Amino acid sequence: MLIMVYRMIDIHTHILPHIDDGAEDAKEAKKMIDCMQMQQVRIAVCTPHFDPARNSMEKFVAKREKAFSYINNSAVVLLPGSETLYHDLLYQYSELDQICINNTRYLLLELPYSKHWSDRDLECIEKLMNVFRIIPVIAHMERYCFLWKNKKNIRKLINLGCVMQINAKAIIDSKLRKTALHYIEEGLTDVMGSDCHDMSQRYPNLKEAFDIIEREIGIYYCDLLQQNAASIINGKKIRNDGLC
Ligand SMILES: [Fe+2]
């Protein structure tokens, strides 16, 4: 029998209504929160999409604030964050604090979906880290071919100080599972999120994935992923060599 002794943190969610392609309205958001609560999720970071080419940071933050106001008496603690798409337009701002996870220095960062990876891309991420003193949490690492198929590139990002986030779906999906578990065991994956958007296709699924991790490679790795999530929301280091 699997025993889930810890209460979970979901680092990547689209619970907030009326802001992106996540929850359609407050009713759906409530259902998502209830679903999370049933899975023992204690804290969820709300990470609506922020595309600097489509929206200003000020407008995004105001919209996010309004979206929070639609949710009353949440059984899960909801923290602010964003899923920010990398773009040179980010440099128009003097700081990115407001879009980081829970006002820490961790920023959930979505990378452009190019087929190729170059040192120039790496330099861009390094520049972002240096200019804003932020720590990128690379969103859903399994979505980028240049990362998923190439461990060297994952290592390059980790060596820079980036944090690697995987979606629970990559564990649940039998086609991705073997690689996903391998990366967790090798320390190439730091944290897991549901990236939930709704209650149909992309529902909250963290427990389902943790149960598989516990069964396949052991509870040690569940604890490790959860400890890392806790460190991120509290603004603490997750690696000795990482920036913080
Ligand atoms: Fe997302």
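A few points on the structure. (Residues numbered from 1 in each chain as written. Predicted model: local features only at pLDDT ≥ 70, side-chain atom pairs only at ≥ 80, totals over all residues.)

**Looking at the overall build of the protein chain**
Within the protein chain, the secondary structure is distributed over nine helices and nine strands. The globule rule puts the C-alpha radius of gyration for 244 residues at 18 Å, and the 17 Å found for the protein chain is close to it. Dimensions along the principal axes, computed over C-alpha positions, put the protein chain at roughly 45 × 40 × 30 Å. Split into buried and exposed, the 244 residues of the protein chain put 40% on the buried side. For the protein chain, long-range pairs separated by at least 24 residues make up 77% of all intrachain contacts whose partners lie at least 6 apart in sequence. (Helix = DSSP H or I, 4+ residues; strand = E, 2+ residues; numbered from the N terminus. Rg over C-alpha atoms; globule rule 2.2 N^0.38 Å. Buried ≥ 20, exposed ≤ 12 C-beta atoms within 10 Å, placed from the backbone. Contact = placed C-beta atoms within 7 Å.)

**Here we look at the environment of Lys 127**
When you line up the elements, Lys 127 lands in helix α3 (residues 119–132). Residues Lys 127 and Tyr 91, spaced 36 residues apart in sequence, show a C-alpha to C-alpha distance of 9.9 Å.

**Considering the sheet that holds strand β7 (residues 135–138)**
Here six strands make up an open sheet; going across it, the order is β3-β5-β6-β7-β8-β9 and the pairing parallel. Bordering the open sheet on either side are β3 (49–50) and β9 (191–193), each of which pairs with just one other strand. Looking at chain direction, β3 and strand β5 (residues 83–85) are connected through two bridges and run parallel. Residue pairing in the sheet places His 49 in a bridge with Glu 83 of β5. (Pairing = 2+ DSSP bridges.)

**Some details on the pairing of strand β8 (residues 163–167)**
Of all five residues making up β8, five are buried, and the element is well covered by its neighbours. As judged from the two bridges shared by β7 and β8, these two strands associate in the parallel manner. Among the inter-strand pairings, Val 137 is bridged to a residue of β8, identified as Val 163. As defined by bridge partners, β8 adjoins β9 across three bridges and the pair is classed as parallel. In the sheet register, Asn 167 faces β9, and the bridge partner there is Gly 193.

**With respect to unusual backbone geometry**
Positioned with a positive phi, Gln 40 is a non-glycine residue whose angle comes to about 70°. Looking at the secondary structure, you find Gln 40 in the loop between α1 (26–38) and β2 (41–46). Judged by the 15 C-beta atoms lying within 10 Å of it, Gln 40 is partly exposed. Phi is positive for Arg 133, close to 55°, though the residue is something other than glycine. Residue position: Arg 133 is located in the loop between α3 and β7.

**Thoughts on the sheet that holds strand β4 (residues 77–80)**
Spatial strand order, β1-β2-β4: three strands in an open sheet with parallel pairing. Of all strands in the sheet, those with a lone pairing partner are β1 (8–13) and β4, marking the two edges. Here the average twist between neighbouring strands, direction ignored, is 20°. Against the sheet, helix α9 (residues 219–233) touches β1, β2 and β4, its axis set at about 65° to β1. (Axes fitted to C-alpha atoms, helices over the stretch in contact; angles between N-to-C directions.)

**Side note on the nonpolar core**
Formed by 62 residues in total, the largest nonpolar core has its most connected members in Leu 107, Val 137, Ile 138, Val 163 and Ile 232. In terms of residue count, α9 provides more of this core than any other element does, five residues in total. Non-local contacts of Ile 138, meaning those with residues more than four positions away in its chain, are made with Leu 109, Leu 111, Leu 157, Cys 162, Val 163, Met 164 and Gln 165. (Core = buried A, V, L, I, M, F, W, Y, C linked by C-beta atoms within 7 Å.)

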